[in-house]
Amino acid sequence: MFVLYGLISFGMILAQKQRITNAAAEAARSAVGESNDASAISVATARVTKLLGATGPYKIGPGVGVPTVTACTPPSVGSCITVTITYDYEHHPIVPPAPGLGLVTPKTFASTAVVQYK
């Protein structure tokens, strides 16, 4: 029974990590073509909010930290933007913890995407 529980837990954690990774990457890509850091940050933040939504299990709020969208420093050739999304699994588990299995689940996980937008 614990093996089945472990497989389900791992699969759901992996799916959440993949969803966050895709949201960070797509938000960073959405800034391509913007003319300045402020508009790139605004577009990327709006895209993360749209992808993760305001409701449902993957919403921004409990568990999913407000995405960090920043301009890269120091600026390299052109301008770049970094999107970081963090999930607090320790305080907002996707699957209720089973006795003895809490040691193998992550406390938090995050995804970061960087893209040069001009």
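Up top is the structure.
Below is a short write-up of the structure. (Residues numbered from 1 in each chain as written. Predicted model: local features only at pLDDT ≥ 70, side-chain atom pairs only at ≥ 80, totals over all residues. Heavy atoms only, no water.)

A few words now on the packing of helix 1 (residues 2-30) against helix 2 (residues 37-52). Their axes nearest at 8 Å, the elements helix 1 and helix 2 cross at an angle of 145°. Classified by chirality, the crossing of helix 2 by helix 1 is right-handed. Only V43, A44, R47, V48, L51 and L52 of helix 2 make contact with helix 1, whose side of the interface consists of R19, A23, E26, A27 and S30. When the residues that make up the contact of helix 1 with helix 2 are grouped by side-chain class, the tally is seven nonpolar, one polar and three charged. (Axes fitted to C-alpha atoms, helices over the stretch in contact; angles between N-to-C directions. Helix = DSSP H or I, 4+ residues; strand = E, 2+ residues; numbered from the N terminus. Left-handed = near helix turned anticlockwise from the far one by under 90°. Contact = heavy atoms within 4.5 Å. Nonpolar A, V, L, I, M, F, W, Y, C, P; charged D, E, K, R; others polar.)

This next bit is on a nonpolar patch on the surface. A cluster of nonpolar side chains, contributed by M1, L4, I8 and M12, occupies part of the molecular surface with about 450 Å² of accessible area. Secondary-structure assignment places M12 in helix 1. (Patch = residues over 30% accessible without salt bridge, like charges linked within 9 Å, V, L, I, M, F, W, Y side chains within 5 Å. Areas by Shrake-Rupley, 256 points an atom, 1.4 Å probe, with all protein chains shown as cover. Salt bridge = Lys/Arg side-chain N within 4 Å of Asp/Glu carboxyl O.)

Now for the packing of aromatic side chains. The tally for this structure, following the rule as stated, stands at three aromatic pairs. Both rings, one in Y89 and one in F109, keep their centres 6.5 Å apart while their planes meet at 35°; by these two values the pair is tilted. Of this pair, Y89 sits in the loop between strand 2 (80-87) and strand 3 (109-116) while F109 sits in strand 3, placing them 20 residues apart in sequence. Owing to a relative accessible area of 9%, F109 belongs among the buried residues under this scheme. A network of ring pairs unites the aromatic residues Y87, Y89 and F109 as a single cluster. (Phe/Tyr/Trp six-rings, centres within 6.5 Å; stacked < 30°, edge-to-face > 60°. Buried < 20%, exposed > 50% of the residue type's maximum accessible area, 1.4 Å probe, protein only.)

As a further point, take the nonpolar core. Core analysis: the largest hydrophobic core is formed by 21 residues, its most contacted members being V48, I81, V83, I85, Y89 and F109. Counting residues per element, the ones that place at least two in this core are helix 1, helix 2, strand 2 and strand 3. In terms of residue count, the dominant contributor to this core is helix 1 (six residues). (Core = buried A, V, L, I, M, F, W, Y, C linked by side-chain atoms within 4.5 Å.)

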